[in-house]
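Structure assessment
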Number of protein chains: 4
Amino acid sequence: MSAPLALQQIPPDVFSAGDYEAHARRALDANAWAYFSSHAGDGLTLRANRAAWDGLALLPRVLRPVQGLGTACTLLGREWPSPLLVAPMALQRLAHPDGELATAVAASAQGAGMVVSCEASLLLEDVAAPVRGNAGRGPLWFQLHFLPDRGAMLELVRRAEAAGYEALVVTVDAAVRAARGAEQRAGFRLPPGIARVNLPPQGPAPSDLRGLLSQAPGWDDLGWLRGQTRLPLVLKGVLHPQDACEAAALGVDAIVVSNHGGRTLDGVPATAVMLPRVADALGGRLPLLVDGGIRHGTDVLKALALGARAVLVGRPVLWALATAGAAGVAHVLRLLHDELEIVMARCGCSAPDQAGPGLLVPAPPPFPPNPNGDMT
Amino acid sequence: MSAPLALQQIPPDVFSAGDYEAHARRALDANAWAYFSSHAGDGLTLRANRAAWDGLALLPRVLRPVQGLGTACTLLGREWPSPLLVAPMALQRLAHPDGELATAVAASAQGAGMVVSCEASLLLEDVAAPVRGNAGRGPLWFQLHFLPDRGAMLELVRRAEAAGYEALVVTVDAAVRAARGAEQRAGFRLPPGIARVNLPPQGPAPSDLRGLLSQAPGWDDLGWLRGQTRLPLVLKGVLHPQDACEAAALGVDAIVVSNHGGRTLDGVPATAVMLPRVADALGGRLPLLVDGGIRHGTDVLKALALGARAVLVGRPVLWALATAGAAGVAHVLRLLHDELEIVMARCGCSAPDQAGPGLLVPAPPPFPPNPNGDMT
Amino acid sequence: MSAPLALQQIPPDVFSAGDYEAHARRALDANAWAYFSSHAGDGLTLRANRAAWDGLALLPRVLRPVQGLGTACTLLGREWPSPLLVAPMALQRLAHPDGELATAVAASAQGAGMVVSCEASLLLEDVAAPVRGNAGRGPLWFQLHFLPDRGAMLELVRRAEAAGYEALVVTVDAAVRAARGAEQRAGFRLPPGIARVNLPPQGPAPSDLRGLLSQAPGWDDLGWLRGQTRLPLVLKGVLHPQDACEAAALGVDAIVVSNHGGRTLDGVPATAVMLPRVADALGGRLPLLVDGGIRHGTDVLKALALGARAVLVGRPVLWALATAGAAGVAHVLRLLHDELEIVMARCGCSAPDQAGPGLLVPAPPPFPPNPNGDMT
Amino acid sequence: MSAPLALQQIPPDVFSAGDYEAHARRALDANAWAYFSSHAGDGLTLRANRAAWDGLALLPRVLRPVQGLGTACTLLGREWPSPLLVAPMALQRLAHPDGELATAVAASAQGAGMVVSCEASLLLEDVAAPVRGNAGRGPLWFQLHFLPDRGAMLELVRRAEAAGYEALVVTVDAAVRAARGAEQRAGFRLPPGIARVNLPPQGPAPSDLRGLLSQAPGWDDLGWLRGQTRLPLVLKGVLHPQDACEAAALGVDAIVVSNHGGRTLDGVPATAVMLPRVADALGGRLPLLVDGGIRHGTDVLKALALGARAVLVGRPVLWALATAGAAGVAHVLRLLHDELEIVMARCGCSAPDQAGPGLLVPAPPPFPPNPNGDMT
């Protein structure tokens, strides 16, 4: 992978991460747009994720200059420039020819972390190589789920270790999901030339739940994986406080409170609702990350205030990638980072670990809105 | 009734029960659509039913494989494959020429129960005959309400017994309702060739409330019916916890918490609101079923978690029947069943009787929404 | 006033009181529509009135036949057929040439009460005469407010006494209101031939608040009025529990909890919110009536359950009057009455005085709605 | 500045402050409209400000004539005719050629206060001169923020003292804000001939947060300013109760609870939410003012009831200025004042300092709204 990354312009009307969405919708064909924008069921959880962040208000302070303000964040024993990571997202070449490479290079340049999906459309080695040695980059993690063939899975782990990935993010909320998920609803098909190049050729997926369940991993499988690698393990997809405690007992190193962005099961709680309950149950035993609906620096600070050490950003990165390749990704991460610094400064918070529940005020319920403008 | 059932295609864009609604609207003429879609008053209760399920969030577990997962459900002393039943709905030949027969055969094929309405458009014997002996079918129940002529009513009971129905579902929330109900608002008229063929020819209905009230049944009438048949009695239309207790004392065998899908009285609570209160009052004395707004497997699991043993599905079945006859009904029940299995698996729940309130998280109120997209 | 009332058809698509609104909008010119539909400020209170009734759910009972069901209602020492009264509304000839006469005759025919406004467009004697002697009619009350000229006011009282009115309804929430109220916003002007024929010719109204305040009545003025007439006094426009207690101490005979339908001051509470608090403070010392947003029989029963003895219905009566004259008014009152009987029967309530808070269930807040249908 | 102010007509359809918005949108070019209507982020805080006022209901009294009713308000040791002040707003010549002068003259004529922004487009001396000596005017205050060059700042203070301003309003919630704020999103540019004429020529603003933070003021800077002038200091932009207490300890004379109208940081609480908490923390040590979303006299009384001594009105004044110059500003302030008097009269409140929490009733959450009008 030695071709240079595309040099692209940032649209002049993008001032916030969410502004990239409309651009991406225009840039992508219907097939790719359907894949990235899809959600489970009626989208209750997708909307609940956003609504939960918006339902919290931050309480600023005044006249508290925070000259030493910084966003440095300690994760898995190492300090990183920023609490922002790119969430693992599959098949990024659907969004842009430069795919995961553009995302990784841009994240690295912005000091943000990169979680490469095992469903990436580029070889995990090719994604890691150009960024691994960068000074000032963020964490470089590899995401995987349990493969039916444990040997193939171990091979993937070894490749990730060899390529320099610093942790394994194990996704555990997608093993069992609707046989006809969101992608199929949208008629999604992989276009020629784009594939999950890191995974072994898959036999036909089990056509019924019985088959899926027989392959579904359990805590003992996680224990097995724990014994197979020295890389830290990050468990992604936890919502229930007891699951978080079980993970801590089993030697997991961090947890991502996540509902998969509302893509795999609808009607589950917003991550901002469960994050403080998980934090409460863990009592600091494990660092927490969170994803789902992060669109503003304010959302990031709210997440930190609720107990997260860092956040994963998903769709906005893809929208930016689709819009302007690596430049877009760098830009959207920079926007989020700058917004975070500003809101930290406004809240008198000079470092992420100073954020706590005292920053937050619940928003009261409003008076009945008037949907018609005028109603007689 | 020996004509074969119509063989029809499932529309390729149906992936969820609710997707059938738009198809049914196109398939039905205005008269039939009005009949099936109508609701009492302003539709507050109709919407409240849906909103109440959506207002509950399910809390998934991870890494809990549930290999033995099954949906078997015990009702009235017998185990059935599934906690899904088709709600009693009148005049199904308005929706499709195959009418109740298509519904019953499809439900049987999917292991779901069938509650045949006494207002069916086919003879109750003709509906029961082809499914009664099917292995793997669900419960086969007959719904009736109190007829002014108790002799005619007993005759109906005897026919149901003889035809092999396994329980009588006595609807008690429609005896008194608006003289000009939803059907009349929509100008509904029975088309030629479609009739309530199981009921005796009706004299003119009482034109005023006095007349209706003089015919309205009471608890003693239920006691009388209790003494007339050995079939289990299921009381449908209960919302008040005290009524549930009264029913238990009287020897009723099960209760359906129902508001008639918002069709007979507007402004009454959502069934998901009253279900846990009824369950609490009964303390397990009677099995509970619930209906009203069930559209997803998640809704079914939420109902089980709130104390229901099984759920009745109404409009979606009719939509599917109108769209694709028996194939549609089988498909919509299969969708709900598969979704239920998946969400059970995701919540670490291997059998319906494992569901409880611990699965649920209330959804917090959101920040004021922005109806205009941008508001200055 | 001896001309016969117009004979008009009820539109065939009216099945609920609210259905008359669209007909009235078509029947009225913009000037009259503006007058009747106007509201103070942003309409917060107008909408809050409706939302508060909708926010309460009624809990039906089953198998409780209520053969003796009746709506008889005792007010001011006399029993009436119904707890429904027509609210005092000015200038009804703006809505229909038959004006207040049509309304009074129709109300009488339906057993509903009639409160004739001192701003009526027909002579109060002409409105009372044809209905005063009717068997089965409801209460016949006269509404007035304090006139700057107390002599002219007393003359009005004497005329009302002589004409057979059975109580005086004293409106106390409109003495001070926006100098440019809702009517002026809509550019309202009295058309030729329509006037407030019962009131003395008015000098120019005070142009500033100082002038209005100097004429504003106080409790002592009410005491004065109390001493001037043997007619019962009904105080209309009370929201504050302490005002209700003060009225009771002063010898008032009944209270109408009202915010003037949101017409005179915006941002005040819904009447359904204040009614139970007023009832609680009074502890039964005075009978309560309520108005504001009553559109259904369910709303009437909710009002009774919250402590009202009867309800006043405003805009729907005017809509019906504008649509079909006396026939419309009779029809809309009949609809409300029949709906009330039905919902009473469904709730196991055989008389208005059996209604209490046990009939009500608060509606829980819903999950965030999806305003766009689909949101990615 | 001796040119006469423009004589302009008030549009005949303006009856409430908010009615000016549509007129202003037509009167202003896109550039100026963008500047005045812009908001931070998604506008959550902008909407929350309005929703919080609307979410409170006022409880009127009856038969309590308040002949001595007046709006006189004591601020900083002096009595003023009204608790209304014009909020500091920059660059008012963007809205109208007469700019701040029109606003000041109109405010003075209405007895309202005027807070002249240090970013005014006219010389602060020219704005103060024509109004300083007016009998019956409101407070004349000068707003400023900390300038990087403290000498230039002191010079500004001295000019304000010399020009007759009676207090300094120190804005502390805008020192650090998004490098690309709302104006840049809208592509705002200062048109020729309009400038911040009171400020020293600015060097290039710091391009990064580090630069901004190094210039950001702290409590010690406020202490320094406190020592530099005998003018009372009003701290504007406080939301946190602890900041208010700190300000009191430091000798500040009053506080404006403000979130800058949602312009500098999104996702912070509505001012109506924080006002009572700040009041509670201060326990009367300092007088409070509040701004953000005041559009009605009812909003003003709600603010007084929650603990404010006076309110600042922003956008509506600008809308009126853009629409009709000084006449518009006078009119909008008169509307608000008259509405305030009327609602005070209705609530039995004869002076601002009689307002308290007893006037308020929280609005209950409504039943789920029906966004579609009809939903089946």
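Residues numbered from 1 in each chain as written. Chains lettered and ligands numbered in written order. Predicted model: local features only at pLDDT ≥ 70, side-chain atom pairs only at ≥ 80, totals over all residues. Heavy atoms only, no water.

Per an unreviewed UniProt entry, chain A carries the name Candidate hydroxyacid oxidase (Glycolate oxidase) and comes from Ramlibacter tataouinensis. What the UniProt record of chain A gives under Cofactor (unreviewed entry) is the line "FMN". The UniProt entry for chain A carries the following comment under Sequence similarities (unreviewed entry): "Belongs to the FMN-dependent alpha-hydroxy acid dehydrogenase family." (UniProt positions renumbered as here; feature names shortened; annotations may be inferred.)

What about the overall build of chain A?
When helices and strands are counted, chain A shows 13 helices and 12 strands. Relative to its length of 376 residues, chain A is compact, with a C-alpha radius of gyration of 20 Å against a globular reference of 21 Å. Across its three principal directions, the C-alpha atoms of chain A cover 60 × 50 × 45 Å. Out of the 376 residues belonging to chain A, those deemed buried represent 63%. Partitioning the contacts of chain A with sequence separation of at least 6, the portion at a separation of at least 24 is 77%. A distance of 1 Å separates the average location of the 31 positive side-chain charges in chain A from that of its 33 negative side-chain charges. (Helix = DSSP H or I, 4+ residues; strand = E, 2+ residues; numbered from the N terminus. Rg over C-alpha atoms; globule rule 2.2 N^0.38 Å. Buried < 20%, exposed > 50% of the residue type's maximum accessible area, 1.4 Å probe, protein only. Contact = heavy atoms within 4.5 Å. Lys, Arg positive; Asp, Glu negative; His and termini not counted. Charge placed at Lys NZ, Arg CZ, Asp CG, Glu CD.)

Some details on the pairing of strand β11 (residues 310-313) of chain A
Residues and elements named next belong to chain A. Here β11 shows two buried faces, one formed by A310 and L312 and the other by V311 and V313. With three bridges joining them, strand β4 (residues 84-86) and β11 adopt parallel strand pairing. Looking at the pairing, L84 lines up with V311 of β11. In this sheet, β11 lies alongside strand β10 (residues 288-291) in parallel orientation, the contact comprising three bridges. Residue pairing across strands places D291 opposite L312, the latter belonging to β11. Of the crossover connections in this fold, the one passing from β10 over helix α12 (residues 297-305) to the parallel β11 is right-handed. (Pairing = 2+ DSSP bridges. Right-handed = clockwise from strand over helix to strand, strands pointing away.)

Some points on the interface of chain B and chain C
Interfaces are frequently sized by the accessible area removed from exposure as the parts join. Between chain B and chain C, the residue contacts involve 41 residues of the former and 31 residues of the latter. With both chains or domains summed, chain B and chain C bury close to 3,300 Å², and 65% of this area falls on carbon and sulfur atoms. Its largest share of buried area at the contact with chain C, chain B owes to R185(B), L213(B) and L265(B), together 17% of the area lost on that side. Applying the counting rule to chain B against chain C returns two salt bridges. For the salt bridge of R61(C) with D243(B), the shortest nitrogen-to-oxygen distance reads 2.9 Å. Counting every contact that joins chain B to chain C gives nine residue pairs in polar contact (both at pLDDT 80 or more). Ranked by the residues each element gives to the side of chain B that touches chain C, the list is headed by helix α8 (residues 209-215) of chain B, at four residues. (Buried area = accessible area lost by both parts, 1.4 Å probe. Salt bridge = Lys/Arg side-chain N within 4 Å of Asp/Glu carboxyl O. Polar contact = N/O pair within 3.5 Å; in protein donor to acceptor, adjacent residues only side chain to side chain.)

Re the side chain of R50(A)
With respect to the secondary-structure elements, R50(A) resides in helix α3 (residues 44-54). Polar contacts involving the side chain of R50(A) include one to the main-chain carbonyl oxygen of G293(A), which spans 2.9 Å. In terms of polar contacts, R50(A) uses its side chain to reach the side chain of D299(A), at 3.4 Å. When near neighbours in sequence (up to four residues on either side) are disregarded, R50(A) contacts G293(A), R295(A), H296(A), D299(A) and D42(D).

A closer look at the packing of helix α3 (residues 44-54) of chain B against helix α12 (residues 297-305) of chain B
The relative placement of two packed helices comes down to the angle between their axes together with the axis-to-axis distance. Residue and element names in this part refer to chain B. It is at 10 Å that the axes of α3 and α12 come closest, and there the two elements cross at 80 degrees. Considering their axes alone, α3 and α12 lie roughly perpendicular with respect to each other. Contacts from R50, W53 and D54 of α3 reach α12 at D299, K302 and A303. (Axes fitted to C-alpha atoms, helices over the stretch in contact; angles between N-to-C directions. Parallel < 35°, antiparallel > 145°, perpendicular 65-115°, else oblique.)

Looking at helix α1 (residues 20-27) of chain C
All names here are of chain C. Listed as buried for α1 are Y20, E21, H23 and A24. For α1, the buried positions fall inside an angular range of 160 degrees around the axis, keeping them on one side. Tucked into the core, α1 has its buried residues touching α2 (30-37) and α13 (315-346). (Arc of directions from axis to C-beta.)

Considering unusual backbone geometry
The residue L91(B) is not glycine, and still its phi comes out positive at about 55 degrees. Locating L91(B) in the fold gives a position in the loop between β4 (84-86) and α4 (99-109). With a phi angle near 50 degrees, L76(D) is a residue other than glycine that sits in the positive phi range. L76(D) sits in the partly exposed class, given a relative accessible area of 26%.

So, the sheet that holds strand β10 (residues 288-291) of chain B
Residue and element names in this part refer to chain B. The eight strands lie next to each other as β4-β5-β6-β7-β8-β9-β10-β11, forming a closed barrel whose pairing is parallel. Along the sheet, successive strands turn relative to each other by an average axial angle of 25 degrees, direction set aside. Summarising the sheet, strand β7 (residues 167-171) and strand β8 (residues 233-238) pair through four bridges and their orientation is parallel. Each residue of the ladder has a partner; that of V169, found in β8, is V234. Here α4 sits on the sheet in contact with β4 and β5 (113-116), set at roughly 155 degrees to β5.

Topic: the sheet that holds strand β6 (residues 140-144) of chain C
Residues and elements named next belong to chain C. Read once around its circumference, the closed barrel built from eight strands follows the order β4-β5-β6-β7-β8-β9-β10-β11, with strand pairing classed as parallel. Neighbouring strand axes in the sheet, compared pairwise and without regard to direction, differ in orientation by 25 degrees on average. Packed onto the sheet, helix α11 (residues 271-282) meets β9 (254-257) and β10 (288-291) and runs at close to 170 degrees relative to β10.

A few points about the UniProt feature "binding site: glyoxylate" (unreviewed entry) in chain A
Residues and elements named next belong to chain A. Per the UniProt record, "binding site: glyoxylate" (unreviewed entry) is found at Y35, R180, H260 and R263. Its location among the elements puts Y35 in helix α2 (residues 30-37). With respect to the helices and strands, the residue H260 is situated in the loop between β9 (254-257) and α11 (271-282). When near neighbours in sequence (up to four residues on either side) are disregarded, H260 contacts T171, D173 and A174.

Focus: the pattern of salt bridges
Pairing between side chains of opposite charge can happen when the charged atoms of each approach one another. Counted according to the given criterion, the structure contains 55 salt bridges over all chains. One salt bridge in this structure joins K236(B) and D291(B), with 3.9 Å as the shortest N-O distance. In this pair, K236(B) sits in strand β8 while D291(B) sits in strand β10, placing the two residues 55 residues apart along the sequence. One continuous salt-bridge network, built from bridges that share partners, spans D42(A), R50(B), D54(B) and D299(B).

A look at the environment of Q242(C)
Residues and elements named next belong to chain C. Residue placement: Q242 occurs in helix α10 (residues 241-249). Taking relative accessible area as the criterion, Q242 reaches 48% and is therefore assigned partly exposed. Measuring from C-alpha to C-alpha, the distance between Q242 and A281 comes to 7.5 Å, with 39 residues separating the pair along the chain.

Details of the packing of aromatic side chains
The relation between two aromatic rings is expressed through the spacing of the ring centres and the mutual angle of the planes. For the coordinates displayed, the defined rule picks out 12 aromatic pairs over all chains. Between F142(B) and Y165(B), the ring centres sit 5.4 Å apart and the planes meet at 55 degrees, which makes this aromatic pair tilted. In this pair, F142(B) sits in strand β6 (residues 140-144) while Y165(B) sits in the loop between α6 (150-163) and β7, placing the two residues 23 residues apart along the sequence. For the pair F142(B) and Y165(B), a shared accessibility class is recorded, and that class is buried. An angle of 70 degrees between the planes, with centres 5.3 Å apart, marks the rings of Y35(C) and F36(C) as edge-to-face. For the pair Y35(C) and F36(C), a shared accessibility class is recorded, and that class is buried. Grouping aromatic residues by their ring pairs yields a cluster made of Y35(A), F36(A) and F188(A). The lysine or arginine in question, R263(B), covers the ring of Y35(B), its NZ or CZ lying 5.3 Å from the ring centre. (Phe/Tyr/Trp six-rings, centres within 6.5 Å; stacked < 30°, edge-to-face > 60°. Lys NZ or Arg CZ within 6 Å of the ring centre and 35° of its normal.)

Topic: the relation of the copies chain B and chain C
Applying a rotation about an axis and a shift along it to one chain copy brings it onto the other copy. When chain B is fitted to chain C, the best match, at an RMSD of 0.0 Å, comes from turning it 90 degrees and sliding it 0.1 Å along the axis. Here the copies are linked by what is in effect a four-fold axis. When you check the interface residues of chain B against chain C, a mere 5% turn up at the interface there too, and the two sides of the contact use different surfaces. (Least-squares fit on C-alpha atoms with pLDDT ≥ 70 in both.)

Section: the state of the cysteines
All names here are of chain B. Evaluation of the coordinates by the stated rule reveals zero disulfides over all chains. Not engaged in a disulfide, the cysteine C349 finds its nearest cysteine sulfur in C347; these two sulfurs lie 7.2 Å apart. A relative accessible area of 2% places C349 in the buried class. (Disulfide = S-S within 2.5 Å.)

Concerning the confidence of the model for chain A
All names here are of chain A. Considering every residue of chain A, the mean pLDDT works out to 91; 92% of them sit at 70 or more. Predicted confidence for residues 365-376 stays below pLDDT 50, and this span has 23 contacts to residues more than four positions away or in other chains. Interface confidence in the predicted complex, given as ipTM, is 0.92; pTM for the same model is 0.94. (pLDDT = per-residue confidence, 0-100.)

Here we look at the side chain of T323(A)
Residues and elements named next belong to chain A. Note that T323 resides in helix α13 (residues 315-346). Of note is the side chain of T323, whose polar atom sits 2.6 Å from the backbone oxygen of W319. When residues no more than four places from it in sequence are discounted, the contact partners of T323 are Q8, P11, Y20, H23 and A24.

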